[in-house]
Protein chains: 2
Amino acid sequence: MDPTIKDVAKKANVSIATVSRILNDKPGFSVKTKTKVLRVIEELGYQPNAIARGLVSKRTHTIGVLMPTLLDMFAARILNGIDDYAHELGSSVIVCNTDNNGQRTLKYLRVLAEKRVDGIIFVSEYLKDEYYKVMSDMKVPIVLVSTMSPDYPVPFVKVDDELASFAATEYLLKQGHRRIAMIAGSPEDPIAGVPRIKGYRAALNAEGDEEAKELIVSTQDFSYESGMMAMEKIVDHPLKVTAVFASSDELAVGAMSYANKRGIRIPEDLSIIGYDNTRLAQMSTPPLTAVGQPLYEMGNKSAEMLFSMMNTGETAESCLMPYTIEERETVTRI
Amino acid sequence: MDPTIKDVAKKANVSIATVSRILNDKPGFSVKTKTKVLRVIEELGYQPNAIARGLVSKRTHTIGVLMPTLLDMFAARILNGIDDYAHELGSSVIVCNTDNNGQRTLKYLRVLAEKRVDGIIFVSEYLKDEYYKVMSDMKVPIVLVSTMSPDYPVPFVKVDDELASFAATEYLLKQGHRRIAMIAGSPEDPIAGVPRIKGYRAALNAEGDEEAKELIVSTQDFSYESGMMAMEKIVDHPLKVTAVFASSDELAVGAMSYANKRGIRIPEDLSIIGYDNTRLAQMSTPPLTAVGQPLYEMGNKSAEMLFSMMNTGETAESCLMPYTIEERETVTRI
DNA sequence: CTGAAAGCGCTAACAA
DNA sequence: TTGTTAGCGCTTTCAG
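- In the nomenclature of an unreviewed UniProt entry, chain A is known as LacI family DNA-binding transcriptional regulator of Heyndrickxia acidicola.

Below is the structure:
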């Protein structure tokens, strides 16, 4: 067994209470005993047991993060932002890859409950009733990232998708495009689907006058493969589109890839704008113009909110983050 | 406070020991009391406290994963493999983004030690003496992924980089290339640098006869940006290279991107082969031919080894995983 | 400034 | 089959 606080106390000829005070820097010890105890700790290589500590203090210094996938740059970047903030404050993060699967999510939540995490960050997924139920039973702070809940009082941090989507479409319109298709995710998706479609339509209609016609292709997810499939439909559609607004970078890159296969040049023959502005947007050929979400900052901010809730007990203010339009080389003026 | 085992015991008119037995399915209770207790648990919404449990059982059902970055597909995929396996067995994983920073790594290790994790998976980084020292003090199993230690008895799972690198180069040679450059990572990197360079050289020399000349461009990391910079050097080099072997997919894509900028067509003017076979390889234009590492399986396997070590107490056998060559569209025969 | 002692919620002998 | 009890390693009153 590794040494416990008792061993330290004994060897230093003090009580365990004193050692505990020194460890936690609580008032009630002299400099002299402090140095003595510190030396013993050093000698013994003593390491406080966070488990025991957690049992009495009811604070585990661990938070749980639930996300539908670990596999895209989007998730990675957010996680990165959370992780940095949490570790800065001496907390650890347990990742849970829900795989968009209800059973799995519920199982993870139960584990997190048993582990008595101090808080939960829930990313990119719709907060179902059943999830919220078990989460609220845990009585720990929750914050949502890149999603929100119309039904429950859970603070979120995200960008205004409708606005950002509007801006993306408007950007295309300003470049002279009129026949603009959207690769949209699912219209059943209340978070990443509906609002973006709404923004797209609003921009199209805002132009008022003309023939600006819509073409929306829904996809099951936001992957490269879905982007390719969607593009096939767009290319073969009678409406000869000059620009495409894709709901994620992967979707956009998939679309570009399919276009390329069909001999369609980007941006000469067709303009494309993506969404998220992940590293992938920088790495594509040509580099992808995209609506940018400050993913790292969102992760960071969510952690900040979570910790503030843990400390104050008050619900944090939700936070709408600014989007940007990162102009690169896939959109041309016509 | 949420209900404890005591509350359950009282309400069910049994002792806490009985409840504990039922919870852990240890012999010593009748079906009758079991159903009764289970019902009470249900009614109370009781959830066992893993912290208290861990304090006595000395098992936290939590493992720590250390990786230099969360931000590339490489790390994501491995983490995914680990996470799936761990959660399958009811354990959680704490991620630690070391950022390739010694101080930070050491800090994380200390936290993991205090949290009494059951084991550690260390990914992609050189196992420094100082790391090993604190890890071995923790007296928990460790396994290495995509790295290895010549000095310490720590099992690893990785592919044979030298062999894979040899194969990649040989593949290029077989396609008729003779002037093959390598974008190599750092020659100081004993894990991802040295062996791959060695394999590359060996293949070049194996051809025996001819003018097969080497051109190695080192990079600081394995990023897209480094790939671009390396490619600039290669293009401007007097040795007119016909093929490039890059030590990572990102490096390869960066190289392609730079080539593209200079009007060099892939693969007509120049062939490129990458390393890792992440999703990025599939998504690049044109799709990248690459040496494939079974990243998900490596993550999975490492977790399997770790858990087996935790259970048996014996050191697991290291494991060399098979590489593949994924032929796509960036290499042409000349 | 310091120590004794009572738990935190649970598991694991040991009795009954 | 069941209950009693002694910890696990720590924090936190409460007395000195």
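### Some points on the overall build of chain A
So, point 1. The helix and strand tally for chain A stands at 13 helices and 12 strands.
So, point 2. Radius of gyration (C-alpha) of chain A: 26 Å, far over the 20 Å computed for a compact globule of 334 residues.
So, point 3. In terms of overall dimensions, chain A has C-alpha extents of about 85 × 35 × 30 Å along its principal axes.
So, point 4. Taking all 334 residues of chain A together, the buried fraction comes to 57%.
So, point 5. Taking contacts inside chain A between residues at least 6 apart in sequence as the whole, the part at least 24 apart equals 70%.
So, point 6. By element, 51% of the accessible surface of chain A is carried by carbon and sulfur atoms, the whole surface being about 14,300 Å².
So, point 7. Taken as two groups, the 38 positive and 44 negative side-chain charges of chain A have centres that lie 9 Å from each other.

### Some thoughts on the relation of the copies chain A and chain B
So, point 1. With an RMSD of 0.1 Å, chain A superimposes on chain B once it is rotated by 180 degrees and translated 0.0 Å along the axis. In short, the pair behaves as if placed about a two-fold rotation axis. Relative to the rotation axis, the closest C-alpha in chain A is found at Ile 94 of chain A, a distance of 2.2 Å.
So, point 2. Of all interface residues in chain A, 100% are interface residues in chain B too; the two copies therefore contact each other through one and the same surface.

### Section: the interface of chain A and chain B
So, point 1. Contacts between the two partners involve 56 residues from chain A, matched on the other side by 56 residues from chain B.
So, point 2. Carbon and sulfur atoms supply 55% of the area buried between chain A and chain B, which totals about 5,100 Å² over both sides.
So, point 3. For the interface between chain A and chain B, the tally reads 6 salt bridges.
So, point 4. One salt bridge in this structure joins Glu 250 of chain B and Arg 279 of chain A, with 2.5 Å as the shortest N-O distance.
So, point 5. Across the chain A-chain B interface, the total number found is 25 residue pairs in polar contact (both at pLDDT 80 or more).
So, point 6. Secondary-structure elements contributing two or more residues to the side of chain A that touches chain B are helix H4 (50-57), helix H5 (73-88), strand S2 (92-97), helix H6 (102-114), helix H10 (224-235), helix H11 (249-261) and helix H12 (279-283) of chain A.
So, point 7. Among the elements that take part in the side of chain A that touches chain B, H5 of chain A stands out by supplying 9 residues, more than any other.
So, point 8. Taken together, the residues of the side of chain A that touches chain B sort by class into 22 nonpolar, 16 polar and 18 charged.

Here is what the cut-offs are and how they apply
Residues numbered from 1 in each chain as written. Chains lettered and ligands numbered in written order. Predicted model: local features only at pLDDT ≥ 70, side-chain atom pairs only at ≥ 80, totals over all residues. Heavy atoms only, no water. Helix = DSSP H or I, 4+ residues; strand = E, 2+ residues; numbered from the N terminus. Rg over C-alpha atoms; globule rule 2.2 N^0.38 Å. Buried < 20%, exposed > 50% of the residue type's maximum accessible area, 1.4 Å probe, protein only. Contact = heavy atoms within 4.5 Å. Areas by Shrake-Rupley, 256 points an atom, 1.4 Å probe, with all protein chains shown as cover. Lys, Arg positive; Asp, Glu negative; His and termini not counted. Charge placed at Lys NZ, Arg CZ, Asp CG, Glu CD. Least-squares fit on C-alpha atoms with pLDDT ≥ 70 in both. Buried area = accessible area lost by both parts, 1.4 Å probe. Salt bridge = Lys/Arg side-chain N within 4 Å of Asp/Glu carboxyl O. Polar contact = N/O pair within 3.5 Å; in protein donor to acceptor, adjacent residues only side chain to side chain. Nonpolar A, V, L, I, M, F, W, Y, C, P; charged D, E, K, R; others polar.

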